[in-house]
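Spelled out from the first residue to the last, the chains are:
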Amino acid sequence: SIPFPPSFFSPLRINTMAPSGRKFKVCICGGAGGIGQPLSMLMAMDDRVGELSVYDLTVSAVPAEGVATDLAHLNMGSRVRAFGLDPKS
């Protein structure tokens, strides 16, 4: 048994605009990882995203700041910010 009826996932339920026509603020947790980097790029290129925050641990192989710097070089309308979390604190 599916916990949600199939109509719950209907494309008609997807809200494609932010309230009042404003742009969305999006946070990618784990944005410096293997899945987070391409997801961050896709979100940064979306016209509906106005601000993108990339979060990841400071011990990751690629720092979140490096991902944000790479995305800032793209010609897009969203603002990209990076945040790192020290797992020892």
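The structure this text deals with has already been given above.
The following paragraphs examine the structure supplied in this document. (Residues numbered from 1 in each chain as written. Predicted model: local features only at pLDDT ≥ 70, side-chain atom pairs only at ≥ 80, totals over all residues. Heavy atoms only, no water.)

Focus on the pattern of salt bridges
Applying the stated rule across the entire model yields two salt bridges. Aspartate 46 serves as the salt-bridge partner of arginine 48, at 3.0 Å between the closest nitrogen and oxygen. (Salt bridge = Lys/Arg side-chain N within 4 Å of Asp/Glu carboxyl O.)

Thoughts on a nonpolar patch on the surface
A surface patch of nonpolar side chains, about 260 Å² in accessible area, is lined by Met41, Met45 and Leu74. Secondary-structure assignment places methionine 41 in helix 1 (residues 36-45). (Patch = residues over 30% accessible without salt bridge, like charges linked within 9 Å, V, L, I, M, F, W, Y side chains within 5 Å. Areas by Shrake-Rupley, 256 points an atom, 1.4 Å probe, with all protein chains shown as cover. Helix = DSSP H or I, 4+ residues; strand = E, 2+ residues; numbered from the N terminus.)

Let's talk about the packing of aromatic side chains
Scanning the model with the defined rule gives one aromatic pair in all. Geometrically, the ring pair formed by tyrosine 55 and phenylalanine 83 is stacked, given 4.7 Å between the ring centres and 15 degrees between the ring planes. A residue pair is termed long-range when its members are at least 10 positions apart, and tyrosine 55 in strand 2 (residues 49-57) and phenylalanine 83 in strand 3 (residues 79-85) qualify at 28 residues. (Phe/Tyr/Trp six-rings, centres within 6.5 Å; stacked < 30°, edge-to-face > 60°.)

Quick word on the nonpolar core
Within the largest apolar cluster, 12 residues are counted, these being Val26, Ile28, Ala32, Ala44, Val49, Leu52, Val54, Ala64, Val67, Ala68, Leu71 and Val80. Elements supplying a minimum of two residues to this core: strand 1 (24-29), strand 2 and helix 2 (64-72). The greatest single-element share of this core, amounting to four residues, is contributed by helix 2. Filtering out sequence-adjacent residues up to four positions away, valine 49 remains in contact with Lys23, Phe24, Val26, Met43 and Ser78. (Core = buried A, V, L, I, M, F, W, Y, C linked by side-chain atoms within 4.5 Å. Buried < 20%, exposed > 50% of the residue type's maximum accessible area, 1.4 Å probe, protein only. Contact = heavy atoms within 4.5 Å.)

Section: the pairing of strand 3
The sheet contact formed by strand 2 and strand 3 spans seven bridges and is parallel. Bridging from a neighbouring strand, valine 54 pairs with alanine 82 of strand 3. At this point the chain moves from strand 2, through helix 2, to the parallel strand 3, and the crossover so formed is right-handed. (Pairing = 2+ DSSP bridges. Right-handed = clockwise from strand over helix to strand, strands pointing away.)

Description of the environment of lysine 25
Of note, lysine 25 is situated in strand 1. With relative accessibility at 69%, the residue lysine 25 sits in the exposed group.

Topic: the sheet that holds strand 3
For sheets, the rule is that strands pair by backbone hydrogen bonds, running either parallel or antiparallel. Judged by pairing direction, the sheet is parallel, and its three strands sit side by side in the order 1-2-3 without closing on themselves. Looking along the sheet, the strands with just one partner apiece sit at the ends: strand 1 and strand 3. Pairs of neighbouring strands in the sheet enclose a mean axial angle of 20 degrees, with direction left out of account. Bridging between strand 1 and strand 2 involves six bridges; their strand directions are parallel. Looking across to strand 2, one finds that cysteine 27 is bridged to serine 53. (Axes fitted to C-alpha atoms, helices over the stretch in contact; angles between N-to-C directions.)

What to know about the side chain of aspartate 56
Relative to the helices and strands, aspartate 56 is located in strand 2. A distance of 3.5 Å separates a polar side-chain atom of aspartate 56 from the backbone nitrogen of glycine 33. Leave out the neighbours within four places in its chain, and aspartate 56 touches Gly30, Gly31, Ala32, Gly33, Ala64, Phe83, Gly84 and Leu85. (Polar contact = N/O pair within 3.5 Å; in protein donor to acceptor, adjacent residues only side chain to side chain.)

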